[in-house]
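Architecture at a glance
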Amino acid sequence: MKQVELAPGIFHLQGGSNMGLAVQDGKGLLIDAGLDKDAARQALRAAEGLGVTLEAVFLTHAHADHFGGACFLQQRLGVPLYAPALEAAMMEHPSLEPLYLFGGAAPIGELRGKFTLAQACRIEHVILNRQDAKNAKEIRGDLAPLASSRGTTPSNTQRGDYTTTKVVTTGKETTEVVTTNYPLEIGPFRVEVVPLPGHAPNQVGVAVGEVLFCADAVFPAETLEKHKLTFCVDLDETLATLRRLPELPYARFAPGHGPAYEAGEEIARACAANRERLEEVRERVYAALEVPQETPALLQQVADAFGLRMTTATAYLLTQTTVLAALSSLERAGRVAVAMESNRLVWRRT
Ligand SMILES: [Zn+2]
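Residues numbered from 1 in each chain as written. Predicted model: local features only at pLDDT ≥ 70, side-chain atom pairs only at ≥ 80, totals over all residues. Heavy atoms only, no water.

**Some thoughts on the nonpolar core**
Spelled out, the test is: For this analysis, a nonpolar core means a set of buried residues of the types Ala, Val, Leu, Ile, Met, Phe, Trp, Tyr and Cys, connected via side-chain atoms within 4.5 Å. Throughout, exposure labels follow a simple rule: accessible area from a 1.4 Å probe, protein chains only, divided by the maximum for the residue type, with under 20% read as buried, over 50% as exposed, and the rest as partly exposed. Runs of H or I in DSSP of at least four residues are treated as helices and runs of E of at least two as strands, each being numbered from the N terminus. Any pair of residues with heavy atoms lying within 4.5 Å of one another is described as a contacting pair.
Judged by nonpolar contacts, the single largest core of 38 residues is most densely connected at Leu-212, Val-218, Leu-245, Phe-253 and Val-285. Those elements giving two or more residues to this core turn out to be strand S14 (211-215), helix H9 (235-244), helix H10 (265-288), helix H11 (295-306) and helix H12 (313-332). Ranked by residue count, the leading element in this core is H10, at seven residues. Ignoring sequence-local partners within four residues, the contact set of Leu-212 consists of Val-194, Gly-205, Val-206, Ala-207, Leu-245, Leu-248, Tyr-250, Arg-252, Phe-253 and Ala-254. Formed by 35 residues, the second largest nonpolar core is a distinct cluster that contains Leu-13, Ala-33, Ala-83 and Val-126.

**Some details on the coordination of the zinc ion**
Counted only if it meets this: Coordination shells were defined by N, O and S atoms within 2.8 Å of each metal, extended to 3.2 Å for Na, K and Ca; water is absent from the atom set, which can make sites look incomplete. Donor angles set the geometry label: tetrahedral for four donors if every angle is between 85 and 135 degrees, square planar for four and octahedral for six if opposite donors exceed 155 degrees and the others are between 65 and 115, irregular for anything else.
At 2.1 to 2.2 Å from the zinc ion lie its protein donor atoms, namely His-61 (NE2), His-63 (ND1), His-199 (NE2) and Asp-216 (OD). Coordination geometry of the zinc ion: the four donor atoms subtend angles of 86 to 175° at the metal centre, consistent with an arrangement described as irregular. Between consecutive donors of the zinc ion, the numbers of intervening residues give the motif H-x1-H-x135-H-x16-D. Of this pair, His-61 sits in the loop between strand S5 (53-58) and helix H2 (64-67) while His-199 sits in the loop between strand S12 (189-195) and strand S13 (204-208); the two residues are 138 residues apart in sequence, bridging distant segments of the chain. Take His-61 and His-199: they sit in the same class, and that class is buried.

**Observations concerning unusual backbone geometry**
Located in the positive-phi region is Asp-32, a residue other than glycine, with phi close to 70°. Tracing the backbone shows Asp-32 in the loop between strand S4 (27-31) and helix H1 (37-49). A relative accessible area of 3% means that Asp-32 is categorised as buried.

**Considering the sheet that holds strand S15 (residues 252-255)**
Basically, it comes down to this: Strand pairing is defined by DSSP finding a minimum of two bridges between the two strands.
Taken in spatial order, the six strands make up an open sheet running S11-S12-S13-S14-S15-S16, and their pairing is mixed. Edge strands, defined here as strands with exactly one partner in the open sheet, are strand S11 (183-186) and strand S16 (261-262). With four bridges connecting them, S11 and S12 associate as antiparallel partners. The residue bridging Pro-183 from the neighbouring strand is Glu-192, located in S12.

Below, the structure is given as structure tokens:
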């Protein structure tokens with residue numbers, strides 16, 4: 001694993017899946033936990049090498065390659081875990097990842113490997129965004145079942161635009177914070193939680209000082225080249241995130257894969273390449289709908305058009321998610337509609 005210092009005391013741990021490590025006053029804050037305990041051990045060694053003990057781990061989104069090592073760190077060190085709502089639920093119930101990839105049915109064996117099924121961990125600090133709070137309307141009501149199931153007492157405090165809900169458990173404190181760029185205090189660290197939805201439903205970035213750890217909001221050129229159809233669950237949200245990312249006021253952007261980007265031209269160019277790719281995916285899906293098609297036929301045509309060769313069921317199912325995200329984006333825009341024909345689910349242009 002390569003350790004790159006992006007700003008004083010802020011490190012990018014670059015490996016199969018990157019992690020972030022901020023150090024201050026003898027403490028370390030880890031951002032993401034890697035694929036498995038081997039990756040987590042490497043992060044621990046990096047922390048030890050810098051002479052710090054881990055204060056907490058912040059997990060950006062519930063993909064196994066980013067939180068698979070969290071269980072090990074939690075069991076080994078007892079460090080508290082932070083994660084955004086929904087993603088947190090999937091981390092606590094990781095069978096949801098292979099389940100959704102397999103269309104909601106009991107997944108095939110291949111999807112039960114560590115790349116799509118991580119070990120479960122317990123998220124002590126669940127971060128709510130404003131939309132979550134709005135949806136919940138009555139935060140107290142929303143959290144009450146959670147609170148009571150954990151034997152807790154919720155209490156609310158308002159701070160300007162943001163609502164902080166504290167759920168106090170006996171002997172342990174669980175904080176549910178409603179935030180967008182609201183600084184969150186984790187030990188000696190002040191971090192900003194930045195919503196970056198699209199690649200995962202409620203993915204967030206974590207900013208420490210002038211560095212934004214931006215998870216899988218943007219992929220390097222090698223990933224675009226290898227996977228062609230980069231994974232996303234909501235294409236419109238992914239595009240919006242890619243448009244917003246270069247405008248954010250940080251000096252460096254540290255992604256979950258590949259090296260970090262400087263503010264300005266560098267991050268703007270990477271985001272534009274990612275955006276262009278997804279727009280191209282959507283247009284190729286639309287182009288293939290010259291005649292009405294079922295999803296598998298569309299998937300095959302679009303993959304062929306990009307020269308993508310999928311050799312595992314996992315690769316196929318991940319690509320299928322992106323094609324479906326393109327279809328729901330087109331449907332939302334009123335350009336395609338779904339119809340049933342002779343027991344076939346068919347997509348057609350409107
Ligand atoms: Zn991811």
